Amino acid sequence: MVTEVAVNRGLRGVYFDTTTASMIDGDVGRLIYRGYEIGDLALHSTAEETFYLLLKGKLPTRAELDAFDAEMKQSRPIPDYVYQVIRLVQKAHPMDVLRTAVSALAATDPDVDDNSLEATLRKGIRLTAQAPTIVAAHYRIRNGLPPVPPHPSLSHAENFLYMLFNQKPAPEDAKLMDTDFILHAEHGANASAFAARVAAGTAADLHAAVTAGIATLKGPMHGGAAEAVMKMAVDIGEEDHAQEYVRHVLESGGRVMGFGHRVYRVEDPRARYLRDGCRRLGEQKGDPKWFRILSRVEDAMQPYRARGIYVNVDFWAGAIYHLLGIPEDLFISIFALGRVPGWTLQVMEQYSNNILIRPLLKYVGPMNLKYIPIELRG
Ligand code: COA
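Worth saying up front: this structure is predicted, and the values here are computed from it rather than measured.

Calculation rules
- Residues numbered from 1 in each chain as written.
- Predicted model: local features only at pLDDT ≥ 70, side-chain atom pairs only at ≥ 80, totals over all residues.
- Heavy atoms only, no water.
- Near = heavy atom within 4 Å.
- Polar contact = N/O pair within 3.5 Å; in protein donor to acceptor, adjacent residues only side chain to side chain.
- Areas by Shrake-Rupley, 256 points an atom, 1.4 Å probe, with all protein chains shown as cover.
- Nonpolar A, V, L, I, M, F, W, Y, C, P; charged D, E, K, R; others polar.
- Salt bridge = Lys/Arg side-chain N within 4 Å of Asp/Glu carboxyl O.
- Helix = DSSP H or I, 4+ residues; strand = E, 2+ residues; numbered from the N terminus.
- Buried < 20%, exposed > 50% of the residue type's maximum accessible area, 1.4 Å probe, protein only.
- Pairing = 2+ DSSP bridges.
- Phe/Tyr/Trp six-rings, centres within 6.5 Å; stacked < 30°, edge-to-face > 60°.
- Contact = heavy atoms within 4.5 Å.

**Here's the deal with the site of the ligand**
Phase 1: Lining the immediate surroundings of the ligand are 19 residues, of which Arg255, Val256, Gly258, Phe259 and Asn312 lie closest.
Phase 2: The separation between an oxygen atom of the ligand and a polar side-chain atom of Arg255 is 2.8 Å.
Phase 3: One of the backbone N or O atoms of Phe259 is found 2.8 Å from a nitrogen atom in the ligand.
Phase 4: Within the complex, 71% of the 860 Å² of free accessible area of the ligand lies under protein.
Phase 5: When grouped by side-chain class, the residues that make up the shell around the ligand number nine nonpolar, five polar and five charged.

Here is the structure:
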């Protein structure tokens, strides 16, 4: 007999462990990384400094940051065989290529079998530095262009844009990319971090866990929304059509992409810092249309605020990537590049007090059926 048990579908509201990585207060729209407000980091930090904070638990001194930065820069190149793997799968979605290439990197990582915290940190720094090289190399290879080797001195964000377009980015473009990496770096027990933790819980290595994270991030209910938002903006075409478009989506039972969140019941605090960036970038590029269209979508969704449905981080990100000249199908990969430190940190936390993550499913199917040999089945 099956005992009566409560089922928490989607693990909604379930705490499964403790963390010192980040804290989300969904009722007031607050996010902190290691004790620091996301707004302070978005406005004053850099991706490198925030990655250090997340991975090592404290803000670095200048000397510590320089050493970390040097380690990241030195780790940017990827082996030749990974370029070959990228060439072989170049027609796939960029997230599939990233997942495959990260998995392939495990073949030669010197620490692959070492799950100590020190080795996992080294691997996490390497993967954080190597992932942009993969995404940029794939972008160029599939466009028939030679990959651009990583630059030895540009910042993490500058180097990514440089490897994509083979030219040093404008400072304001690089700054926005940098802010985007900060805002995407860590977000608690989101689906991809949970997947990474489930892998780590079995004592699988970091490459396995990050591969699981990338696979899980791909879905449109998680990382895929920025791409969907940009497609929506293109479909809307003119700001005056936004209201009607939103009404049509909602009346036909659809969801407006870039709205809603499992944890936030108010505005996602990360969206705030991208909204201003999107507006400024549109003005700088002489292309303010996308910001205006999305602002009108946000206006049209006002009535949904009463139900706790506000913009999330993906809403403005898509338009920013578009204005930076990045094609839509690369958007989720950019989210993934920002999230590698977060996955690494979650895996390190899991290892440091490891337990197999193995919940239960309540069986509701038939019982006591009689097995009938195949030749006797009708
Ligand atoms: N547009 C319109 N309605 C929405 C909505 C949206 N973007 N997001 C949620 N809702 C509605 C649902 O239709 C549902 O209504 P109902 O109770 O009448 O059925 C209610 O809000 C709760 O939705 P639910 O899917 O149960 O919430 P969740 O916590 O499981 O989902 C998301 C969270 C993010 C998956 C969901 O908000 C969504 O699909 N958003 C669009 C995709 C997106 O932007 N993802 C990026 C997340 S960072």
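Picking up after the structure, the text goes on.
**Considerations on the pattern of salt bridges**
Phase 1: Applying the stated criterion across every chain yields a total of 26 salt bridges.
Phase 2: One salt bridge connects Arg122 with Asp111, and the closest N-O pair in it is separated by 3.0 Å. Linking Arg122 in helix H6 (residues 117-142) with Asp111 in the loop between helix H5 (94-105) and H6, this pair joins segments that are 11 residues apart in sequence.
Phase 3: By relative accessible area, which is 33% here, Arg122 ends up partly exposed.
Phase 4: A salt bridge links Glu239 to Arg296; its shortest N-O distance comes to 3.2 Å. You can see Glu239 sitting in the loop between helix H11 (225-236) and helix H12 (242-251) and its partner Arg296 sitting in helix H14 (residues 289-300), a full 57 residues away along the chain.

**A few points about the pairing of strand E1 (residues 22-25)**
Phase 1: Sheet analysis places E1 next to strand E2 (residues 30-33), joined by four bridges and oriented antiparallel. Counterpart to Met23 in the pairing with E2 is Ile32.
Phase 2: Counting the residues between successive antiparallel strands, the hairpin from E1 to E2 contains four residues, one of them, Gly29, with a positive phi of roughly 75°.

**Points about the packing of aromatic side chains**
Phase 1: Summed over all chains, the structure comprises eight aromatic pairs.
Phase 2: Ring centres 5.0 Å apart and planes at 65° place the aromatic pair Phe259 and Phe315 in the edge-to-face group. Highlighted residues: Phe259 in the loop between H12 and helix H13 (269-284) and Phe315 in helix H15 (residues 314-323), separated in sequence by 56 residues. Each member of the pair, Phe259 together with Phe315, is buried.
Phase 3: One aromatic cluster in this structure is built from Phe259, Phe291, Phe315 and Trp316.

**Some thoughts on the environment of Asp268**
Phase 1: Mapped onto the secondary structure, Asp268 falls in the loop between H12 and H13.
Phase 2: A sequence separation of 50 residues divides Asp268 from Gly318, and the C-alpha atoms of the two residues are 15 Å apart.
Phase 3: Sequence-distant contacts of Asp268, defined by excluding residues within four places in its chain, comprise His261, Val311, Asn312 and Val313.
Phase 4: A polar atom in the side chain of Asp268 sits 2.8 Å from the side chain of Arg270.

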